[in-house]
Amino acid sequence: MSAPVPPSSQPAVFDGSSVDGSAYLDVVRAARHAPGWLDGTVSLWSTYGLAVFAVLAGLGWWFARRTGGAAAVTALAVPVVVVVASGVDVVVKLAVREDRPCRSLRVPTLEACPAPGDWSFPSNHAAIAAAAAVALFFVSRRLGAVAAVAAVAMAASRVWVGAHYPHDVVAGALAGGLVALLSMTAVRRCSRPVGRWIASGRLRPLVSTA
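Reading the values: rules and limits
Residues numbered from 1 in each chain as written. Predicted model: local features only at pLDDT ≥ 70, side-chain atom pairs only at ≥ 80, totals over all residues. Heavy atoms only, no water. Helix = DSSP H or I, 4+ residues; strand = E, 2+ residues; numbered from the N terminus. Buried < 20%, exposed > 50% of the residue type's maximum accessible area, 1.4 Å probe, protein only. Lys, Arg positive; Asp, Glu negative; His and termini not counted. Salt bridge = Lys/Arg side-chain N within 4 Å of Asp/Glu carboxyl O. Polar contact = N/O pair within 3.5 Å; in protein donor to acceptor, adjacent residues only side chain to side chain. Contact = heavy atoms within 4.5 Å. Core = buried A, V, L, I, M, F, W, Y, C linked by side-chain atoms within 4.5 Å. Phe/Tyr/Trp six-rings, centres within 6.5 Å; stacked < 30°, edge-to-face > 60°. Lys NZ or Arg CZ within 6 Å of the ring centre and 35° of its normal. Expected span 1.5 Å × (residues − 1). Bend = angle between axes of the 7 residues up to and from the residue.

A.B. asks: I'm lost on the side chain of E98 in this one. Help?
C.D. replies: Within the secondary structure, E98 is located in the loop between α4 (69–96) and α5 (101–104). Despite its burial, E98 remains without a salt bridge, the nearest opposite charge being carried by K93 at 7.5 Å. Among the polar contacts listed, one links the side chain of E98 to the side chain of H167, at a separation of 2.6 Å. Apart from residues no more than four positions distant in its own chain, E98 is found in contact with F14, G16, W119, S120, F121, Y165, H167 and D168.

Structure representation (structure tokens):
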């Protein structure tokens with residue numbers, strides 16, 4: 001059995017309260033004094049709102065098939081790009097190791113404080129939402145606009161329930177959006193030949209309604 005690692009040799013944990021801890025405390029205090037229906041609605045959105053982006057992605061693919069193979073391939077790439085963005089976010093989390101604000105500042109929050117080791121920076125919810133919004137703009141401007149509004153609401157809700165500092169959600173949104181922008185730009189360049197290849201085989205229903 002290996003000997004325990006001395007605390008002094010363990011990787012340091014970043015305390016993000018020095019960045020915008022006061023703004024975080026203002027939001028959390030406002031949440032504690034807000035009407036119950038508002039807190040309940042925001043908490044519900046914060047917990048389950050990511051499902052809305054999955055629905056929007058599904059709608060984007062469903063209608064893109066009527067446009068052509070290239071559009072359908074672009075729409076099919078949306079969930080893949082979101083997964084990639086989430087993965088990048090997790091890697092950054094492990095590198096930065098920022099403690100959750102509810103732990104650093106020891107304040108009561110709407111959402112139960114995550115266990116130690118569940119790092120805060122950047123926000124994964126914000127990264128996923130922003131990646132979905134940016135990716136959906138490549139499929140449909142209308143769906144992208146709806147997703148963008150939903151992404152802003154998701155980022156704000158994560159601070160409201162006490163899960164993240166404001167800088168966590170801003171960084172998450174920037175990271176997710178950038179990954180999606182670069183990935184979807186690359187997808188668009190090869191979507192036409194990939195669409196023709198898929199349409200020539202048994203997976204044709206994925207890219208065409210015919």
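A.B. asks: Is there a simple way to explain the nonpolar core in this structure?
C.D. replies: In terms of nonpolar packing, the biggest core is built from 25 residues, with F53, V78, V82, A147 and M184 touching the most fellow members. For this core, the secondary-structure elements that each account for two or more residues are α3 (50–64), α4, α6 (124–137), α7 (141–160) and α8 (166–199). When residues in this core are grouped by element, the largest group, seven residues, is from α6. What A147 contacts, discounting residues up to four positions off in sequence, is F53, L56, A133 and L136.

A.B. asks: Explain the packing of aromatic side chains to me, please; I cannot follow it from the model alone.
C.D. replies: Given two aromatic rings, their pairing is described by the distance between the two centres and the angle made by the two planes. Inspection of every chain in the model, using the stated rule, returns two aromatic pairs. Relative to W62, the ring of W61 has its centre 6.0 Å away and its plane inclined at 65°; by these criteria the two rings are edge-to-face. By relative accessible area, W61 is classed as partly exposed at 21%. W62 sits in the partly exposed class, given a relative accessible area of 42%. Over the aromatic face of W62 sits the side chain of R65, whose NZ or CZ is 4.4 Å from the ring centroid.

A.B. asks: Looking at this structure, I do not really get the pattern of salt bridges. What am I missing?
C.D. replies: A complete count under the given rule lists three salt bridges for this structure. For D26, the salt bridge goes to R29, with nearest N and O atoms at 3.6 Å. Linking D26 with R29, this pair stays in helix α1 (residues 17–32), spanning three residues, or about one helical turn. Residue classification places R29 among the partly exposed residues on the basis of a relative accessible area of 39%. Between R100 and D118 there is a salt bridge whose closest N-O contact spans 2.9 Å. Here R100 is found in the loop between α4 and α5, whereas its partner D118 is found in the loop between α5 and α6, with 18 residues between them in sequence. Its relative accessible area of 5% is what places R100 among the buried residues. Given the relative accessible area of 37%, D118 is considered partly exposed.

A.B. asks: I would appreciate a short explanation of the environment of V179 in the present structure.
C.D. replies: Mapped onto the fold, V179 is located in helix α8. With 142 residues separating them in the primary sequence, V179 and W37 have C-alpha atoms 35 Å apart.

A.B. asks: What's the story with α4 in this structure? I'm lost.
C.D. replies: Residues three or four positions apart in an α-helix share a direction because the helix packs 3.6 residues into each turn. Look at α4: 41 Å from first C-alpha to last across 28 residues, which is about the 40 Å you get at 1.5 Å a residue. The largest bend along α4 reaches roughly 30° and is located at V78, with the proline P79 sitting one to four residues downstream. Trailing α4 by a residue or two, R97 shows a phi angle of about 55°, which is positive.

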